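# Observations on the three-dimensional arrangement
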2 protein chains.
Amino acid sequence: MRRDIFQAVADPTRRAIIALIALQAMTPNAIAENFNTTRQAVSKHLRILTECELVKQEQKGREIYYSLEIDKMKEIDKWIEQFRKIWETRFNQLDQVLATIKKNKK
Amino acid sequence: MRRDIFQAVADPTRRAIIALIALQAMTPNAIAENFNTTRQAVSKHLRILTECELVKQEQKGREIYYSLEIDKMKEIDKWIEQFRKIWETRFNQLDQVLATIKKNKK
DNA sequence: TATTTGCGAAACCGAAAAGTTGCATATATA
DNA sequence: TATATATGCAACTTTTCGGTTTCGCAAATA
């Protein structure tokens, strides 16, 4: 069981679930209605998402509402940041090259 | 074969390879030296990364240099963006709440 | 109280993935 | 030219993953 956030996000259904519950909490049944799978399959995805703390539960009677733990998503953003730095640097360099060309044309 | 960028990035070894070749191109042998796996395993990872266009090759004699296709990483960033919006909004809301508390204290 | 509903957990299955081994090919080098 | 080196590719094995089915439990409802 690897259960890290990148592995959790690798599955397209789980990404869809994440997007679905990002703004409002939903029950497993309600979530499952949006997909071509059974409630149990969704339940399994939710367990994986819960295990890596991407999702939190709130029990209301016999219903359980799942919602996104948005802060956890920042971990992915944090990993991406190192690459963002690279492409921003390159963009600035390209920008300078273009500026130089423009200057020389005058 | 799913071969999408999220599945590619799910593997920790592949993430390490990506980080390794982000700044300078490297040969499979040189990359493999950084891990506890065989060259063939690394080669397989590189193939997967190449297939989803995260990595590009440059042949030099009998050596092949692999480097990161940084633009492709933007796809992950793009997906994260929708959530960044959410947490930034919440942060601003929290900020307002704090400002209001401060104001009322005066 | 009996039945329905919402849910998680375990057992099972088929497909896919990750790693290993062995081999083929092309480029260096002695 | 013979050998060593760098690499990719295919076959095979083991593990993991996603899904379904079945079950049990608790809460709602008739």
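Everything below is about the structure shown above.
A short tour of the structure in this document, coming up. As the structure is a prediction and not an experimental result, all values here were calculated from the model. (Residues numbered from 1 in each chain as written. Chains lettered and ligands numbered in written order. Predicted model: local features only at pLDDT ≥ 70, side-chain atom pairs only at ≥ 80, totals over all residues. Heavy atoms only, no water.)

### Notes on the relation of the copies chain B and chain A
- Least-squares fitting of chain B to chain A yields an RMSD of 0.2 Å, with the superposition described by an axial translation of 0.1 Å and a rotation of 179 degrees. Within this description, the copies of the chain are treated as partners about a two-fold rotation axis. By C-alpha distance to the rotation axis, the residue of chain B lying nearest is alanine 10 of chain B, at 2.9 Å.
- In this assembly, 100% of the residues forming the interface of chain B have copies in chain A that are likewise at the interface, indicating an isologous arrangement. (Least-squares fit on C-alpha atoms with pLDDT ≥ 70 in both. Contact = heavy atoms within 4.5 Å.)

### Digging into the protein's contact with DNA strand D
- Near DNA strand D, the surroundings consist of 22 residues, among which Lys44 and His45 of chain A together with Thr27, Asn29 and Tyr66 of chain B are the closest.
- Among all atoms of DNA strand D positioned within 4 Å of the protein, those belonging to sugar or phosphate total 61%.
- Residue arginine 14 of chain A places a side-chain N or O atom 3.0 Å away from a phosphate oxygen belonging to DNA strand D.
- One nitrogen or oxygen atom from the side chain of histidine 45 of chain A is found 2.5 Å from a phosphate oxygen belonging to DNA strand D.
- For the surface near DNA strand D, the secondary structure elements donating two or more residues are helix H4 (39–51) of chain A together with helix H3 (28–32), helix H4 (39–51) and strand E2 (63–68) of chain B.
- By residue class, the composition of the surface near DNA strand D is four nonpolar, ten polar and eight charged. (Near = heavy atom within 4 Å. Polar contact = N/O pair within 3.5 Å; in protein donor to acceptor, adjacent residues only side chain to side chain. Helix = DSSP H or I, 4+ residues; strand = E, 2+ residues; numbered from the N terminus. Nonpolar A, V, L, I, M, F, W, Y, C, P; charged D, E, K, R; others polar.)

### A word on empty space enclosed by the protein
- Evaluation of the coordinates by the stated rule reveals one cavity of 30 Å³ or more.
- Along the walls of the largest cavity sit Phe6, Val9, Ile76 and Trp79 of chain A together with Phe6, Val9 and Ile76 of chain B, which together make up its complete lining.
- Residue composition of the lining of the largest cavity, grouped by class: seven nonpolar, no polar and no charged. (1 Å grid on protein atoms, 1.4 Å probe; cavity = no way out; pocket = protein on both sides within 12 Å on 5 of 7 lines; lining within 4 Å. Points joined across faces, edges and corners; volume = space filled by probe spheres on them.)

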